[in-house]
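Listed below, chain by chain, are the residues.
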Amino acid sequence: MLVGAGPGDPDLITVKGAAALARADVVVYDRLVAPELLDLCPPTVERVYAGKEPGRAQMSQEEINAVLVDRGARGLTVVRLKGGDPFVFGRGGEEVLACAAAGVAVEVVPGVTSAIAAPAAAGIPLTHRDVARSFAVITASTAHGDGTPDLGPVSAAVDTLVLLMAAGRLPLICADLIAAGRPATEPAALIMWATRPEERAVVGTLEDLPALAAAAGMGPPATLVVGEVAALPREVAALSPPVVAVLDR
């Protein structure tokens, strides 16, 4: 089973995902999976850590595929536990294809992707009927981690941009977006460790966000949001007394 673990907070895994862990014989899990989720597995479960850190991977994708195929072919209940949603920049598609080629059946259990959860946790709606009627989710890293994707075509096509894995290339990404036509003064936010207790966020503009993020010690894992909606946390803060009074009722 290919299971999405959600964006970080263990409470945000789906009920079906938690049930899959409860009956797993093998769990193959990533770096950003909340450790508490492993406690949902039986004590006898085989745990295989397949985390990928920036610049280093515990296992290659080929090795991960091989484990999934080997354990699945033995008739074991295998849970491939991936942060966020397994099909949103999680290489889940590659793993499903590897299993299918080997004749191993796979069930996919969707998860809450950080592309939506991270902005929401920081109080940023990706759409707003006054300023944002479209959004796009982009990876800030190429397949081999050796460059930045061409952001030009999509940057002009939607109101809100969400870039995953953006922290390591933030100055370059912001400069590329400005060069592609996004205003330098456009609101932008960087959210680190979204939905976790250590969550932090900085809000600025495309022009000043890299400096603000550096001063705040921001780093991976982080999600970048660009667009007018990114200014909402500051606007809410300016109205904090009445807004908090309403929310507390």
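Not measured: the values here are computed from a predicted model.

Peer 1: Can you lay out the packing of helix H2 (residues 61–73) against helix H3 (residues 92–101) for me, pointing to particular residues and giving the numbers?
Peer 2: Where H2 contacts H3, the axes come no closer than 9 Å and their chain directions differ by 45°. With respect to each other, H2 and H3 are oriented oblique. Relative to H3, H2 is oriented so that their crossing is right-handed. For the pair formed by H2 and H3, the contact residues are Gln61, Ile64, Asn65, Leu68 and Val69 on the first element and Glu94, Glu95, Ala98 and Cys99 on the second. In terms of residue class, the contact of H2 with H3 is made up of five nonpolar, two polar and two charged.

Peer 1: An account of the packing of aromatic side chains is needed here, citing residue identities and associated values.
Peer 2: Taken as a whole, this structure holds one aromatic pair when the rule is applied. Note on Tyr29 and Tyr49: the rings are 5.4 Å apart at their centroids and 50° apart in plane angle, and the pair reads as tilted. Highlighted residues: Tyr29 in strand E2 (residues 26–29) and Tyr49 in strand E3 (residues 46–49), separated in sequence by 20 residues. A relative accessible area of 17% places Tyr29 in the buried class. Looking at Tyr49, the relative accessible area reads 27%, which means it is partly exposed.

Peer 1: Go over the confidence of the model for the protein, please, and point to the residues and values.
Peer 2: A residue-level look at the protein finds 90% of positions with pLDDT of 70 or above and a mean pLDDT of 90. Segment residues 241–249 is flagged for pLDDT under 50; beyond a separation of four residues in sequence, or across chains, it makes one contact in the model.

Peer 1: Quick one: what's the story with the sheet that holds strand E11 (residues 200–205), residue by residue and with numbers?
Peer 2: If you walk across this open sheet you meet the five strands as E8-E9-E12-E10-E11, and the pairing is mixed. A single partner strand is all that each edge strand has here, and the edge strands are strand E8 (135–139) and E11. The mean angle between the axes of side-by-side strands here comes to 15°, regardless of whether they run parallel or antiparallel. Relative to strand E12 (residues 222–226), strand E9 (residues 160–164) is paired through four bridges, and the arrangement is antiparallel. Residue pairing for E12: Leu163 is matched across the bridge by Leu224.

Peer 1: Go over helix H6 (residues 170–179), please, and point to the residues and values.
Peer 2: If you check which residues of H6 are buried, you get Leu170, Ile173, Cys174 and Leu177. The buried residues of H6 occupy one face: seen down the axis, they fall within an arc of 95°. Seen from the buried face of H6, the exposed residues on the opposite side, beyond 90 degrees, are Pro171 and Ala179. Where H6 is buried, its residues touch helix H5 (152–155), E9, strand E10 (187–192), helix H7 (209–215) and E12. Of the residues one or two after H6, Gly181 is the one with positive phi, at around 115°.

Calculation rules
Per chain, the residues get numbers from 1 upward, laid out in the order the sequence is written. With pLDDT at 70 or above as the cut-off, local features in this predicted model cover only qualifying residues; side-chain atom pairs require 80 or more to be listed or tallied, and sums for whole chains, interfaces and linings still use all residues. Neither water nor hydrogens contribute to the side-chain values; these are computed over all heavy atoms in the structure. Interaxial angle, 0 to 180 degrees, is taken between N-to-C directions of lines fitted to C-alpha atoms, where a helix line uses only the stretch in contact. Here a helix means four or more residues in a row that DSSP labels H or I, a strand means two or more in a row labelled E, and each is numbered from the N terminus. Roughly parallel means an angle under 35 degrees; roughly antiparallel, over 145; roughly perpendicular, 65 to 115; everything else is oblique. By the definition used in this description, the sense in which the near helix is turned from the far one sets the handedness, with an anticlockwise turn below a right angle giving left-handed and a clockwise turn giving right-handed. Between two residues, a contact is recorded if the distance between any of their heavy atoms is within 4.5 Å. Each residue is assigned to one of three groups, with Ala, Val, Leu, Ile, Met, Phe, Trp, Tyr, Cys and Pro labelled nonpolar, Asp, Glu, Lys and Arg labelled charged, and all others, Gly among them, labelled polar. Side-chain rings of Phe, Tyr and Trp, where Trp is taken by its six-membered ring, are said to pair if the distance between their centres is within 6.5 Å; with planes under 30 degrees apart they count as stacked, over 60 as edge-to-face, and otherwise as tilted. Exposure categories follow from relative accessible area, calculated using a 1.4 Å probe and restricted to protein chains: below 20% of the type maximum is buried, above 50% is exposed, and the middle band is partly exposed. pLDDT is defined as a per-residue confidence score from the predictor, taking values between 0 and 100. Here the rule is simple: two strands pair whenever DSSP picks up at least two bridges between them. The directions considered for the arc are those from the helix axis to the C-beta atoms.

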